[in-house]
Amino acid sequence: MRYLPLCCLLANVVVYAGPALAQEAPAHLSDDTPDQGWHLTVSPYVWAASLHGNAELAGFRTRVDMPFSEIFDHLDFVTMGEVVLSDGKVGAYVDGQYVKTSQDASVYHQQVGLGIRKTHVSGGLFYNVIDHRMAERTVHGVRRRFTFAPVVGLRWSKLSADVAALGLTANRKADWTEVLAGIRTAGDIDRHWVIDARLNAGGFSDRKSSMDGEGTIGYRLRLAGLPLTVRAGYRFVHQQYRMRDFTGQQFRWNVSQEGPLLGLSARF
């Protein structure tokens, strides 16, 4: 399933890129008022991601293993969302997540309680190097289009972990920032349906690195006059980070998150 974002990206390129490069946008496009100016898109979403990997915290090494079927049993609190500001050609985005989970693990036949609080905030700029607009309009009143854009940005991650074992409790925190580079593409299938995909890489060092991707299919509609898009898809994120704390102990986080995503986008 983690290859779904790549499949969506390839589908977009195959279906749209050839015609987009070969054709020009209609000359009267500048008169198309709904396509002009800056627009804000707000997208709250739910990402039911399983966690798999290894963590070394406060001298304890433990396996992080929360399958999708059990994620809601371990989930204590979550909030997620994305905001995009764009004039159609250039744009900026901010995506944020806060997740709090708890689980019990067995380490050397001893029960270890592991509480994890994760905060991820990423933001960046994109520029549509391909922006092909078709004659037909979507139900939102704008022209159907295919876009392909490189992305540059930053991701800030904060991890706080509580480990309880052998009657002792320890807490470790770490935060780090990494440079991101990637691509994003979107294409309208018809008046209602749209597919999009994103791929990013970050960190680019042996101490910290990451890879993430997302592929979704959306259905456009209008509710009380507001342009909305219901989206469903799949997202994966792999992060690797290691450091030594002030005690000389190793802090290591090598975990993958992946799972289905469901969201709603409102365009203003």
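Cut-offs used in this document
- In every chain, residue numbers begin from 1 and rise along the written sequence.
- Under the rules for a predicted model, residues below a pLDDT of 70 receive no local features and side-chain atom pairs below 80 are neither given nor counted, while totals for whole chains, interfaces and linings still include all residues.
- Only heavy atoms go into the side-chain values, all of them from the structure, while hydrogens and water stay out.
- By definition, any uninterrupted DSSP run of H or I lasting at least four residues is a helix, any uninterrupted run of E lasting at least two residues is a strand, and each is numbered from the N terminus.
- Partly exposed describes any residue whose relative accessible area lies between the buried limit of under 20% and the exposed limit of over 50%, with all areas from a 1.4 Å probe on protein chains only and scaled to the type maximum.
- In what follows, residue pairs with any heavy atoms lying within 4.5 Å of each other are defined as contacts.
- Areas reported here follow the Shrake-Rupley algorithm with a probe of radius 1.4 Å; residue values treat only the protein chains shown as occluding.
- At least two bridges found by DSSP between two strands are what make those strands a pair.
- Take the buried residues of types Ala, Val, Leu, Ile, Met, Phe, Trp, Tyr and Cys, join any two whose side-chain atoms come within 4.5 Å, and each joined set is a nonpolar core.
- The pairing test for Phe, Tyr and Trp rings, Trp by its six-membered ring, is centres within 6.5 Å, and the orientation test on the planes gives stacked under 30 degrees, edge-to-face over 60, and tilted for anything in between.
- Two conditions define a charge sitting above a ring: the NZ of Lys or the CZ of Arg must be within 6 Å of the ring centre, and it must be within 35 degrees of the ring normal.
- The definition of a polar contact used here is a pair of N or O atoms within 3.5 Å, where within protein one atom must be able to donate a hydrogen and the other to accept one, and adjacent residues in sequence count solely through side-chain atom pairs.
- For this document, the term salt bridge refers to a Lys or Arg side-chain nitrogen within 4 Å of an Asp or Glu carboxyl oxygen.
- Here the term patch refers to residues with relative accessible area over 30% and no salt bridge, with like charges joined within 9 Å and nonpolar side chains (Val, Leu, Ile, Met, Phe, Trp, Tyr) within 5 Å.

Draft legend 1. Seen up close, the overall build of the chain. Along the backbone of the chain there are two helices and 13 strands. For the chain, the proportion of its 268 residues judged to be buried stands at 48%. The long-range share in the chain, meaning contacts at least 24 apart out of those at least 6 apart in sequence, stands at 64%. About 13300 Å² of surface is accessible on the chain, with carbon and sulfur atoms providing 61% of the total.

Draft legend 2. Quick look at the pairing of strand β12 (residues 226-244). Pairing geometry for strand β11 (residues 208-223) and β12, over 16 bridges, is antiparallel. Pairing of Leu 223 across the sheet is with Leu 226, part of β12. Where β11 folds back onto β12 in an antiparallel hairpin, the turn is made up of two residues, including Ala 224, whose phi is positive at roughly 55°.

Draft legend 3. Region of interest: the pairing of strand β10 (residues 193-202). Of all ten residues that make up β10, eight are buried, and the element is covered over most of its length. Here ten bridges tie β10 to β11, and the two strands are oriented antiparallel to one another. Bridge pairing in β11 places Trp 193 opposite Tyr 219. The antiparallel hairpin formed by β10 and β11 contains five residues in its connecting segment, where Gly 203 sits at a positive phi of about 85°.

Draft legend 4. Broad picture of the nonpolar core. Counting twelve residues, the largest nonpolar core consists of Leu 51, Ala 55, Val 64, Met 66, Ile 116, Leu 159, Ala 174, Trp 176, Tyr 241, Phe 251, Trp 253 and Val 255. Looking at which element gives the most residues to this core, the answer is strand β13 (residues 250-267), with three residues. Setting aside anything within four residues of it in sequence, one finds Ala 174 in contact with Ser 157, Lys 158, Leu 159, Tyr 241, Met 243 and Phe 251.

Draft legend 5. A look at unusual backbone geometry. With a phi close to 55°, Phe 204 is a non-glycine residue in the positive phi region. Secondary-structure assignment places Phe 204 in the loop between β10 and β11. Even without glycine at this site, Ala 224 takes up a positive phi of about 55°. In this fold, Ala 224 is placed in the loop between β11 and β12. Looking at Ala 224, the relative accessible area reads 85%, which means it is exposed.

Draft legend 6. Up close: the packing of aromatic side chains. If you walk through the whole model with that rule in mind, you get two aromatic pairs. Ring centres of Trp 193 and Tyr 219 lie 4.9 Å apart, and the angle between their planes is 65°; this geometry places the pair in the edge-to-face category. Highlighted residues: Trp 193 in strand β10 and Tyr 219 in strand β11, separated in sequence by 26 residues. Taking the relative accessible area as the measure of exposure, Trp 193 reaches 36% and is therefore partly exposed. Across from the ring centre of Tyr 93, 5.4 Å away, lies the NZ or CZ of Arg 184, which sits over that ring. In this structure, Arg 235 packs its charged tip against the face of Trp 47, placed 5.3 Å from the ring centre.

Draft legend 7. Structural context of the side chain of Asp 131. Summarising the element assignment, Asp 131 is placed in strand β7 (residues 130-137). Within polar-contact distance, the side chain of Asp 131 engages the side chain of Arg 133 at 3.1 Å. Polar contacts involving the side chain of Asp 131 include one to the side chain of Arg 145, which spans 3.0 Å. When sequence neighbours within four positions are dropped, the list of residues in contact with Asp 131 reads Gly 88, Lys 89, Arg 145, Phe 146 and Thr 147.

Draft legend 8. Main features of the pattern of salt bridges. Within the structure shown, the criterion is met by eleven salt bridges. Between Arg 198 and Glu 82 there is a salt bridge, with the nearest N and O atoms lying 2.6 Å from each other. With Arg 198 in strand β10 and Glu 82 in strand β4 (residues 75-86), the pair connects residues that are 116 residues apart, well separated along the chain. Overall, the relative accessible area of 18% leaves Arg 198 in the buried class. Asp 212 is paired through a salt bridge with Arg 155; the nearest N and O atoms lie 3.1 Å apart.

Draft legend 9. Up close: a nonpolar patch on the surface. A surface patch of nonpolar side chains, about 580 Å² in accessible area, is lined by Ile 189, Trp 193, Ile 217, Tyr 219, Val 230, Leu 262 and Leu 264. Looking at the nonpolar patch, the elements with two or more residues in it are β11 and β13. On the secondary structure map, Ile 217 appears in strand β11.

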